[in-house]
Protein chains: 4
Amino acid sequence: MIIVMKQNAPLTAVENLETELNNRGFKVSRSQGESKVVLGLIGDTFKLDERDFLGNEWVEKVMRVQEPYKRASRSFHPQNSIIDVSGVKVGGKKLVVMAGPCSIETPEQIHTVAQAVKNSGASLLRGGAFKPRTSPYSFQGLREKGLDMLIEAAKDVQLPVVTELMSADKIGTFLEKKVDLIQIGARNMQNFDLLRAVGRLNVPVLLKRGLSATIDEWLMSAEYIMSEGNQNVILCERGIRTFEKATRNTLDLSAVTVVKRRSHLPVIVDPSHATGHRWMVEDMAMAAIAAGADGIMCEVHNDPEHAWCDGAESITPETFDHLMGRLRQLAPIVGREL
Amino acid sequence: MIIVMKQNAPLTAVENLETELNNRGFKVSRSQGESKVVLGLIGDTFKLDERDFLGNEWVEKVMRVQEPYKRASRSFHPQNSIIDVSGVKVGGKKLVVMAGPCSIETPEQIHTVAQAVKNSGASLLRGGAFKPRTSPYSFQGLREKGLDMLIEAAKDVQLPVVTELMSADKIGTFLEKKVDLIQIGARNMQNFDLLRAVGRLNVPVLLKRGLSATIDEWLMSAEYIMSEGNQNVILCERGIRTFEKATRNTLDLSAVTVVKRRSHLPVIVDPSHATGHRWMVEDMAMAAIAAGADGIMCEVHNDPEHAWCDGAESITPETFDHLMGRLRQLAPIVGREL
Amino acid sequence: MIIVMKQNAPLTAVENLETELNNRGFKVSRSQGESKVVLGLIGDTFKLDERDFLGNEWVEKVMRVQEPYKRASRSFHPQNSIIDVSGVKVGGKKLVVMAGPCSIETPEQIHTVAQAVKNSGASLLRGGAFKPRTSPYSFQGLREKGLDMLIEAAKDVQLPVVTELMSADKIGTFLEKKVDLIQIGARNMQNFDLLRAVGRLNVPVLLKRGLSATIDEWLMSAEYIMSEGNQNVILCERGIRTFEKATRNTLDLSAVTVVKRRSHLPVIVDPSHATGHRWMVEDMAMAAIAAGADGIMCEVHNDPEHAWCDGAESITPETFDHLMGRLRQLAPIVGREL
Amino acid sequence: MIIVMKQNAPLTAVENLETELNNRGFKVSRSQGESKVVLGLIGDTFKLDERDFLGNEWVEKVMRVQEPYKRASRSFHPQNSIIDVSGVKVGGKKLVVMAGPCSIETPEQIHTVAQAVKNSGASLLRGGAFKPRTSPYSFQGLREKGLDMLIEAAKDVQLPVVTELMSADKIGTFLEKKVDLIQIGARNMQNFDLLRAVGRLNVPVLLKRGLSATIDEWLMSAEYIMSEGNQNVILCERGIRTFEKATRNTLDLSAVTVVKRRSHLPVIVDPSHATGHRWMVEDMAMAAIAAGADGIMCEVHNDPEHAWCDGAESITPETFDHLMGRLRQLAPIVGREL
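Bear in mind the structure is a predicted one, so any value in this text is a computation, not a measurement.

Participant: Would you take a moment to explain the relation of the copies chain B and chain A for this structure?
Facilitator: At an RMSD of 0.0 Å, chain B and chain A line up after a rotation of 180° and a shift of 0.0 Å along the axis. In short, the pair behaves as if placed about a two-fold rotation axis. Taking the C-alpha atom as reference, chain B places Ser212 of chain B closest to the rotation axis, 3.0 Å from it. Interface residue correspondence from chain B to chain A reaches 100%, placing this contact among same-surface, isologous pairings.

Participant: Quick question: what am I supposed to make of the domain arrangement of chain A here?
Facilitator: Buried accessible area, meaning the area lost when the parts come together, often serves as the stated size of an interface. If you check the domain split of chain A, you get domain 1 (2-63) and domain 2 (74-334). Centre-to-centre separation of domain 1 of chain A and domain 2 of chain A, based on C-alpha positions: 42 Å.

Participant: Sorry if this is basic, but what is going on with the interface of chain B and chain A here?
Facilitator: If you look at the interface, chain B gives 48 residues, while chain A gives 48 residues. Each partner contributes to the roughly 4,200 Å² buried at the junction of chain B and chain A, and carbon and sulfur atoms together form 46% of this total. A per-residue breakdown of the area chain B buries against chain A is headed by Arg51, Tyr137 and Glu305 of chain B, which together make up 18% of the total. The tally of links between chain B and chain A comes to eight salt bridges. Residue Asp310 of chain B pairs with Arg51 of chain A through a salt bridge whose shortest N-O separation is 3.8 Å. The tally of links between chain B and chain A comes to 26 residue pairs in polar contact (both at pLDDT 80 or more). Contributing elements (two or more residues each) for the side of chain B that touches chain A: α2 (51-54), α6 (192-199) and α7 (215-227) of chain B.

Participant: Whenever I open this one, empty space enclosed by the protein confuses me. Can you help?
Facilitator: Over the atoms, a rolling probe the size of a water molecule traces out where space has been left empty. Applying the stated criterion across every chain, the model contains six cavities of 30 Å³ or more. Taken as a whole, the largest cavity spans an internal volume of roughly 130 Å³. As for the largest cavity, its lining consists of 14 residues, and the residues nearest its centre are Thr242 of chain A, Arg241 and Thr242 of chain B, Thr242 of chain C together with Thr242 of chain D. Its residues placed into classes, the lining of the largest cavity shows four nonpolar, six polar and four charged.

Participant: When you look at the relation of the copies chain C and chain A in this model, what are you seeing that I'm missing?
Facilitator: When chain C is brought onto chain A, the operation consists of a screw motion whose angular component is 180° and whose axial shift is 0.0 Å, with 0.0 Å RMSD remaining. The fraction of interface residues of chain C whose copies in chain A are also interface residues reaches 100%, indicating that both copies meet through the same surface.

Participant: I tried to follow the pattern of salt bridges on my own but got confused; where do I start?
Facilitator: Close approach of charged atoms lets side chains of opposite charge pair. If you walk through the whole model with that rule in mind, you get 97 salt bridges over all chains. Residue Glu50 of chain C is joined to Arg64 of chain C by a salt bridge in which the shortest nitrogen-to-oxygen separation is 3.3 Å. Separated by 14 residues along the polypeptide, Glu50 of chain C in the loop between β3 (37-42) and α2 (51-54) and Arg64 of chain C in the loop between β4 (59-63) and β5 (83-85) bring together distant segments of the chain. Note that Arg336 of chain D is salt-bridged to Asp294 of chain D, the shortest N-O span being 2.5 Å. With Arg336 of chain D in the segment after α11 (317-330) and Asp294 of chain D in the loop between α10 (278-291) and β14 (295-299), the pair connects residues that are 42 residues apart, well separated along the chain. Accessibility classification places Arg336 of chain D together with Asp294 of chain D in one group, the buried group. Where salt bridges share partners, they join Arg51 of chain A together with Arg248, Asp310 and Glu313 of chain B into one cluster.

Participant: What's the story with the UniProt feature "domain: DAHP synthetase I/KDSA" (unreviewed entry) in chain A in this structure? I'm lost.
Facilitator: Sequence positions flagged by UniProt for "domain: DAHP synthetase I/KDSA" (unreviewed entry) are, in local numbering, residues 88-327 of chain A. For residues 88-327 of chain A, the end-to-end C-alpha separation is 18 Å, with 39% helix and 15% strand making up the annotated structure.

Participant: Which parts of the structure should I look at to understand the side chain of Ser120 of chain B?
Facilitator: Residues and elements named next belong to chain B. Within the secondary structure, Ser120 sits in helix α3 (residues 107-120). A relative accessible area of 6% means that Ser120 is categorised as buried. Those residues in contact with Ser120, other than ones at most four positions away along the chain, are Phe320, Asp321, Met324 and Arg328.

Participant: Looking at this structure, how should I read the pairing of strand β12 (residues 233-237) of chain B?
Facilitator: Here is the key point about a regular strand: its side chains alternate between the two faces of the sheet. Residue and element names in this part refer to chain B. The buried fraction of β12 amounts to five of the five residues, a majority that puts the element mostly inside the structure. On β12, burial covers both faces: Val233, Leu235 and Glu237 on one face and Ile234 and Cys236 on the other are all buried. By the bridge criterion, four bridges tie strand β11 (residues 205-208) to β12 in an arrangement that is parallel. Bridging from a neighbouring strand, Leu207 pairs with Leu235 of β12. What joins β11 to β12 is α7, and the crossover it makes is right-handed. Here β12 runs beside strand β13 (residues 267-269); their pairing, made up of three bridges, is parallel. Residue pairing across strands places Glu237 opposite Val269, the latter belonging to β13. For the handedness criterion, the β-α-β arrangement of β12, helix α8 (residues 254-262) and β13 is classed as right-handed.

Participant: Please explain the packing of aromatic side chains as it appears in this structure.
Facilitator: Aromatic rings in a pair are described by how distant their centres are and how their planes are angled relative to each other. If you walk through the whole model with that rule in mind, you get 16 aromatic pairs over all chains. The interplanar angle of 35° and the centroid separation of 6.1 Å between the aromatic rings of Phe130 of chain A and Phe174 of chain A together place this pair among those described as tilted. A residue pair is termed long-range when its members are at least 10 positions apart, and Phe130 of chain A in the loop between β8 (124-126) and α4 (144-157) and Phe174 of chain A in helix α5 (residues 171-176) qualify at 44 residues. A centroid spacing of 5.2 Å and a plane angle of 85° characterise the contact between Phe139 of chain B and Trp308 of chain B, whose relative ring orientation is edge-to-face. With Phe139 of chain B in the loop between β8 (124-126) and α4 (143-157) and Trp308 of chain B in the loop between β14 (295-299) and α11 (317-330), this residue pair connects regions lying 169 residues apart in the sequence. The lysine or arginine in question, Arg261 of chain A, covers the ring of Trp279 of chain C, its NZ or CZ lying 4.0 Å from the ring centre.

Definitions and cut-offs
Here the residue numbers are simple positions, counted from 1 along each chain's written sequence. Each chain gets a letter, beginning with A, and each ligand a number, beginning with 1, in the order they are written. pLDDT decides what is reported in this predicted model: residues at 70 or higher carry local features, side-chain atom pairs at 80 or more are listed and counted, and totals for whole chains, interfaces and linings draw on all residues regardless. Computation of side-chain values: all heavy atoms of the structure, hydrogens and water removed. Copy-to-copy alignment: least squares on C-alpha atoms, limited to residues at pLDDT 70 or above in both. Only heavy atoms enter the contact rule, under which two residues are in contact if any of them lie within 4.5 Å. Start and end positions for the domains come from either an automated domain assignment or a database one. Accessible area that two parts lose when put together, with a 1.4 Å probe and added across both, is what the buried area reports. Whenever Lys or Arg places a side-chain nitrogen within 4 Å of a carboxyl oxygen from Asp or Glu, that contact is recorded as a salt bridge. Throughout this description, a polar contact denotes any pair of N or O atoms lying within 3.5 Å of each other; where both atoms belong to protein, one of them has to be capable of donating a hydrogen while the other can accept it, and for residues adjacent in sequence the pair is counted only when both atoms sit in side chains. Starting at the N terminus, helices and strands are each numbered in turn, a helix being any DSSP run of H or I of at least four residues and a strand any DSSP run of E of at least two. Only protein atoms enter the 1 Å grid, on which a cavity is a set of points fitting a 1.4 Å probe that cannot get out and a pocket is an open set with protein on both sides within 12 Å along at least 5 of 7 lines, lining residues being those with an atom within 4 Å of a point. Grid points are joined across faces, edges and corners, and a volume is the space filled by probe spheres set on the points. Following the grouping adopted for this structure description, the nonpolar residues are Ala, Val, Leu, Ile, Met, Phe, Trp, Tyr, Cys and Pro, the charged ones are Asp, Glu, Lys and Arg, and the polar ones are all others, Gly among them. In this scheme, a residue with accessible area under 20% of its type's maximum is buried, one over 50% is exposed, and one in between is partly exposed, where area comes from a 1.4 Å probe on protein chains only. UniProt positions are given in the numbering used here, feature names are shortened, and annotations may be inferred rather than shown by experiment. Here the rule is simple: two strands pair whenever DSSP picks up at least two bridges between them. Looking down the strands as they point away from the viewer, one classifies a crossover as right-handed if the path from the first strand across the helix to the second runs clockwise. Between the rings of Phe, Tyr and Trp (Trp by its six-membered ring), a pair exists once the centres lie within 6.5 Å; its type follows the angle of the planes, with under 30 degrees stacked, over 60 edge-to-face, and the other angles tilted. Throughout this description, the term charge over a ring refers to an Arg CZ or Lys NZ atom that lies within 6 Å of the ring centre and within 35 degrees of the ring normal.

This is the structure we're talking about:
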C-alpha cells in the first residue's frame, strides 16, 4: 500500500503515521519527492482498508498495490482450483452445466425437467425451493417441501443438486437433506453472517455476484467464506445493474477473464438471470464458454409459459438440448470438453 | 396493469390469457387496436409482477399502472406517517438528527460523543456494534459489548439509540437491551428473511436504501416489513452506486422528493456514507433538508483521525455543532423546526 | 403508443387530448377501465416521443409499443443488411476483422502493422489520424498527415481503411482521400449535426455506441444517418460505462443479440476499447463472435509498449495472428466463415 | 504521478523507463520497497495520462497525484473565478438564475416568458433555438429564426441570453447576433473540436456535464476551452445517467461540492433536465443552492402542457415566482444574495 502525504504535511504528521504503522506491524519506506512525501507499506497489507488512512488529515491519497484478499487470490495459489461437487469436478477441463427450473413447482414438473436435462448432458440439477422475491406478494417457493421434491428427482436421475440458501437457520435442513452445492444468491452476496456460516461447512458454495458488486468485492465475499475454512467456492456471474434496460441485467463477461487472472477459483455464468429473455440465453451461453467460463447455469422449464417464476427467461428442454449440442462443438476450440 | 399482445397473436391465445386472468381474480377489459390487442387488468394488480406475463410467447409488452406496493403507498395512506421512536417523532414538523460514531470503540469514546451530540441538539444517538465490512479482516464491531456501551451512554444523556441489526439471530439481544430503532443496512435491504423478522416486531425500523436499489425496490422492502405487521418504517437514503468515483457513493437527493410523492413514510438522509468525505457532510446535510428530508443521520467522532472505522467521513463534535446551527436557520424556510 | 390517463381525469381533458392527437394525424381508440381511461394511438407513432405527453397534467403514464425508429428497424426490413465497404461485405456469412493501430505514428509503423494484419487475414485496416482525447495535452493524432500515411499503407497491402471523423469540416478531406468506411466515435454518437452530415454521403459509416447510450438511443443515431439517405450503417459495440473499474468499460455482449433482434444492421465488437487490457482482447473477441457479432475491430501495434496511444490495450501482430487462427476455428460453429 | 513496477521487473526495465521519463522532461525518484520498485515523477505531470504507462509490461499500477488539469484547477488559482456575462456576475456573492423555455416557439411565447422571469428576478433568459433531440423526427428547434426571437425578447426585457451551440459552423451567427453566454450541451461535452472552437472566442461558455462524465472529465473539457484562451467557463450540473429510472437522470449535487474544492470555476445546477418532472424542480433548486451552487438554470413555460419540448419538466411563471421567493429566503443562510 502506498500513502501519499499532502504537500504541506508537517514532519511530525509523517512520523506519527509511521509510528502508528510500525505499531500495527508494518515496515514503512519513506520517500521524499520534490514536494510530497510518499510512504510505502511492507507487510500483510491485504488486511488493510485504504479508507482507514483517509481519516488522517495529512494524507492525500492511498493506493492499494496488493489485492485485499489472500485465500481467493491467484498470487497465493497459482494453480486453478478444482471443486468437487459430489463427484462432479468444477474448474477442470470438463465444462459443467447446471440446469433446471427457476422454482420447483410439483413432483411431476421437477421430475420431467430433471430427466430432460440429464438426457441432454447436464451435470447438476438446479431448482429453487426458497425464492428471494422483490415483492412480498410474489410466490416465495415451496420451501422444505420443494427441497424434498428436488432431492427426490435428482436421486432418480442421479445428478447432484444446487439450490439457494437464504438464511442461516435453514443450514440444518440443507445438511440433513444433503444438498450438494449451496447457492448464495446475488442479493445475499454481502450478507456477511450468512457467508461466515457457510464458511464453516464442508459443502461447496456457489457464490453469485451481487447486482452492483465490483469484482474485488465479489472475491472479498469468497474470502469471507474461505477465511472460515471452506475453500470450496465456485463463482457465478449473473449480470450487473447498469443504465441499460433492454436486458434484465447487463451480463459482464469480462468479469470471467478478470476473475481468471485474479483468482484460482472456478467461475461459471448464468445467462438466464443476466438477460431475462429466453431468446438471448443460447447466444450468451455460447459467449460465456468462448470467454473462458468453467460452465453455465441455465433455467430450463417444460412449460415456460406457465412457469410460476421467471418463465420469460426459461428455455424448453428442446432448446436446452440444442444448446448442449452447440456447446459440445465449441468446447474443444477453447480447450475444454463437455 | 396493461398487457399488449403481439400483432400476430391468435384469438385463442388472447382468450386463454383472459381466462387465466379471470381465474386469478382479475377482470379484463379487452381493446382491439388497429393491429394489436390490449388487455387492461382490473383488480389488486399490486400483487402482480410484470415479468409473470412475459413468459407468454404472445405477449409483447406489459406496463404497470398501479404501484407494486400498498401499505407503503401514499395512494392508500394519503397523510404523512409519523413514527414514534421512544418519544421522538419522525416525519412530523420537527426535523430529526441521528448522530454518533460509525462504530462504538470504548465507553469513553461513546460517552464523549453522546454528550456532545446531545448538547448540540441531536435527537437520537447512533453507533455501530455489529459492523458489515467488505473484508473479513476489517474490524467487525464490538458486538454485544459494544451494544452495552451504546445503551449505557444513551441512558446517561437520555437519547434513544439506533443501531444496525445484521442477522435475525440477534433480535433477542436487541429486544432485551431495548434498542429504540433497529437499522437494516444497505447490504441487507433485500435480505428478505431479515425484513420479515423485523416486520414481526413492535420496534421501529430504519431501512437504508441498497446500493443499487431502485426507489420502488426500496419501497417494496418497506412493504415486506409492513406486510408482517410492523408499520413503523423510516427510510434512509445513503447514496447509490454509479460510475462516479469522486465520492464514495452518489447521493440521490431526488429520491427524497420521489419517496415523498409515492409514499407516506418518513425519509431521512445519511450524508456521511453517501459522500465518504467529511468536508462534504455539511453541504449535503443542508441540501438534504432543503430537498424536504425529515432529518439526517450523521457520523460524529471525537477523534476522526483515529476512528476504528470510516474516520474519513466522520465530522468532529465542533463541526457537528456548527452544522446544527445552520440547520436550525434553514428549518423554518422549508416549513420545519429543529 | 398507449396513454393512461389519471384516475380523476375529467372527460374534457380526455377529449381535448383525443382532438389534439387526431389533429396530429393519429387515430385514437379509447378504452374505459374500471377507474382509468386508456388511449391507444394508431398511426406512425415511431415519430412520437413519450415525454411529449407527460407535460399534460392528466396523463399518468405513457408506454411506447412501436419502436421509435423505422429505417433501422427489423420490423420494416426483416432481412439482414449487408454493407459493402469497397468490396468487403459486412453482415453476411463471412466475418469481418478490422485491425490496426490506435493512432498512426510513422509511415514505417503503419506499414508494418498493415502488412502484418493483412497477412493474418484482416479485411480492413484501421488507424486513427484525428484522435478524440480526454486531455487537451494528450497527443491528438497526426491529422491530415496521418490520414495520408494510412491511405498509402492500405493501398500497398490492398485493404480498405476505416478511420474516425471528428468534425464535419473534415468531410471534404475524407472524401478526397477516399476513406472507405467513416467511423463516428462513441463521444460523437449524439453529435446530431455530424450524424446528419455523414447521412448525406455515399460512404458507409461505422457508428460506435456511446459510453452511456441505451441500445435504442444507438439505433436512433443510426436512424439520424439513415433518415438523410445513407443506409450503409454498421454498428460497433465498444463497452459501456458502469460502476465496475476492473475494465476500462464494461463490454455489453448482450447488445449484439438485442441489436440483431431489433435491427437489420450489421454489428461488430471492439474488444480493445471495451476492456482496456491487451490480455483480455482474445477472450472477448472469441466471446463476441460466439455471441453472433458480424466481426470485430481490434487494436494491433508492432511495439505496444511505445505506442503513442492506448498501448495497454493493443496486441502484437503475433497475438493477432493467434487470435485469427482461433476465430477461424470458431466461425463454422456459429455458422460463419473467416 | 507514482508508478509501481511489477515484483519481478528487471533492473533494466526500470532503468529504461526512467531514461524515457527523463527524456520527456521529468525527474524521477526511485524507491525500492521490499519487493517492488516505486517511481515518483516530478514535473508537470498534469499533462500525462496514467494509461500511457500501462502499455509497459513491467508496470503494475499507476496513481495520479496531481490533477490532470491546470487552468481549471483550484491549486493553480485559489480564488473563486467570477465570470462576467454582459454585466451579470456569475460565481460571486449574488446567485444567478437563468430561466426560460426549453425551446423558443413563437415571438409571443418567448416574450411572455421573458417578461415573467424578468419580473420574478431572473438574471438571464434561456431558450433553445438549436435543439439536440434523440430522434430525427422530433422538433429540432426554430434555429436562426428562433435565435432572432430570443434576442429580440431579451432586448425588450433587458436580460442577457444563454442558448445552445451544437456545431462550430454556427459560431459566426452566434457572434453576429451577440449571444451573451454560449451553452455547450451535455451530449457535446466531449465534442473536442467544438470545445476548442469556443475556446478561441471571447464569449463566456456554459459547459454542461455529460450524461456519464466523471467530474474530472468534465473539468478536462473545461480545460480544453481554457487551454485555447477563453477562461470564462461556467459549469452546469444537470444529472447523470444511473440505473434509477424514477427520474430522467440522477441529479448529482455532490458534484457541486467536489467542483468547488477542485476548481475555481462557478457551477450552477439545472434541476429541470436532471429530474424531468416539474413537481421536483422546486425541491431540487432549493437543494442545489443549499449545497453551495452559484445559481440555477430552470425551464419556465407559460403553457407547459402544450410546450413543443420538455413540457413535463417546465414550470409555470407562477411556480417560478414562488420558487424565487423561497430562494430569496434561503440565500442569506448560505451566505449569498438573490
